[in-house]
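For reference, the chains in residue letters:
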Amino acid sequence: MNVNSKRGVILTAASFVIRSQGVEKLTLEAVAKEAGVSKGGLLHHFPNKNALIQGLVEELTDGFVSDVQERAAVSAVNEGKWSRAYTESVACDIKDGNGISTALTAALFSKPELLGKLQEQYALWQKDIENDGIDPVRSTIVRLAADGLWFSEMFSLGKLDAELREQVIQELLKMTV
């Protein structure tokens, strides 16, 4: 396995530990065991828990940002493309359960300052969403509703059943055209 793939295996393991056991159980030992590497092997890539969390946040944030940008770039309809792209990316993250929500949870509960890059990206998205070719209030409502749905799922606060969640997502997407 090359260095980048081993790093990816470790980050995937860290994400799994957070999702399955909670961020409080994220230890270097637990991640090394889940990744099938020695603690020394893990330390080669991430010298401490903070570096591991930072790596996880950066990797998952970059993936989410790329997903939103790719969805907007291939949108057949220009009006509302950023609102749709953001909502679709959130919906995918909710369904997959292993994306940026894991990174947000890790950062929020252990190193909130790691959210700086994501906060900057949100400011850019908000500008794109406000200038999306649809009413800026409507597009902002869509983003905020998608965020609410996402956080509801992430923190198990009034989670919706899968069918209702999908209906809500479809209604949000309708608001973008």
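Residues numbered from 1 in each chain as written. Predicted model: local features only at pLDDT ≥ 70, side-chain atom pairs only at ≥ 80, totals over all residues. Heavy atoms only, no water.

1. Description of the overall build of the protein
Regarding its fold elements, the protein presents 9 helices and 0 strands. Over its C-alpha atoms the protein spans a radius of gyration of 17 Å, differing by no more than 12% from the 16 Å that the globule rule assigns to 177 residues. Considered along the principal axes of its C-alpha atoms, the protein spans approximately 55 × 30 × 30 Å. Of all 177 residues assigned to the protein, the portion counted as buried reaches 44%. (Helix = DSSP H or I, 4+ residues; strand = E, 2+ residues; numbered from the N terminus. Rg over C-alpha atoms; globule rule 2.2 N^0.38 Å. Buried < 20%, exposed > 50% of the residue type's maximum accessible area, 1.4 Å probe, protein only.)

2. A closer look at the packing of aromatic side chains
Scanning the model with the defined rule gives 8 aromatic pairs in all. Residues tyrosine 122 and tryptophan 125 carry aromatic rings whose centres are separated by 5.4 Å and whose planes lie at 75° to one another, so their mutual orientation is edge-to-face. Of this pair, tyrosine 122 and tryptophan 125 both sit in helix α7 (residues 116-130), 3 residues apart, roughly one helical turn. Judged by relative accessible area, tyrosine 122 falls into the buried class, the value being 16%. (Phe/Tyr/Trp six-rings, centres within 6.5 Å; stacked < 30°, edge-to-face > 60°.)

3. Structural notes on the packing of helix α8 (residues 136-154) against helix α9 (residues 162-174)
At their nearest, the axes of α8 and α9 sit 10 Å apart, and the two run at 165° to each other. Regarding the angle of α8 to α9, the classification is roughly antiparallel. Of the two elements, α8 crosses α9, and the hand of that crossing is left-handed. Of the residues in α9, those touching α8 at Val142, Ala145, Ala146, Leu149 and Glu153 are Arg165, Val168, Ile169 and Leu172. Among the residues forming the contact of α8 with α9, the class breakdown is 7 nonpolar, no polar and 2 charged. (Axes fitted to C-alpha atoms, helices over the stretch in contact; angles between N-to-C directions. Parallel < 35°, antiparallel > 145°, perpendicular 65-115°, else oblique. Left-handed = near helix turned anticlockwise from the far one by under 90°. Contact = heavy atoms within 4.5 Å. Nonpolar A, V, L, I, M, F, W, Y, C, P; charged D, E, K, R; others polar.)

4. As for the packing of helix α4 (residues 49-73) against helix α6 (residues 100-110)
The description of two packed helices rests on the angle between their axes and on the distance between the axes. At their nearest, the axes of α4 and α6 sit 8 Å apart, and the two run at 145° to each other. Between α4 and α6 the crossing geometry is left-handed. In this structure, α4 uses Ile53, Leu56, Val57, Leu60, Thr61 and Phe64 to contact α6, whose residues at the interface are Ile100, Thr102, Ala103, Ala106, Ala107 and Ser110. The class makeup of the residues in the contact of α4 with α6 is 9 nonpolar, 3 polar and no charged.

5. Some words on the pattern of salt bridges
Across all of its chains, the model carries 9 salt bridges by this definition. In this structure, arginine 71 engages aspartate 67 in a salt bridge whose closest nitrogen and oxygen atoms are separated by 2.9 Å. Of this pair, arginine 71 and aspartate 67 both sit in helix α4, 4 residues apart, which is roughly one turn of the helix. Here lysine 174 ties to glutamate 171 by a salt bridge, and the two come within 3.1 Å at their closest N and O atoms. Within this pair, lysine 174 and its partner glutamate 171 are both found in helix α9, separated by 3 residues, close to a single helical turn. Overlapping salt bridges bring together Asp67, Arg71 and Glu88 as one network. (Salt bridge = Lys/Arg side-chain N within 4 Å of Asp/Glu carboxyl O.)

6. Describing α6
Burial within α6 is extensive, with 8 of its 11 residues counted as buried. Those residues of α6 that sit buried are Ile100, Ser101, Thr102, Ala103, Leu104, Thr105, Ala106 and Ala107.

7. Looking at the environment of glycine 8
By the secondary structure assignment, glycine 8 is in helix α1 (residues 3-21). Overall, glycine 8 belongs to the partly exposed group, its relative accessible area being 25%. Separated by 47 residues in sequence, glycine 8 and glycine 55 have C-alpha atoms that sit 9.8 Å apart.

What is shown is where atoms sit, not what they do.
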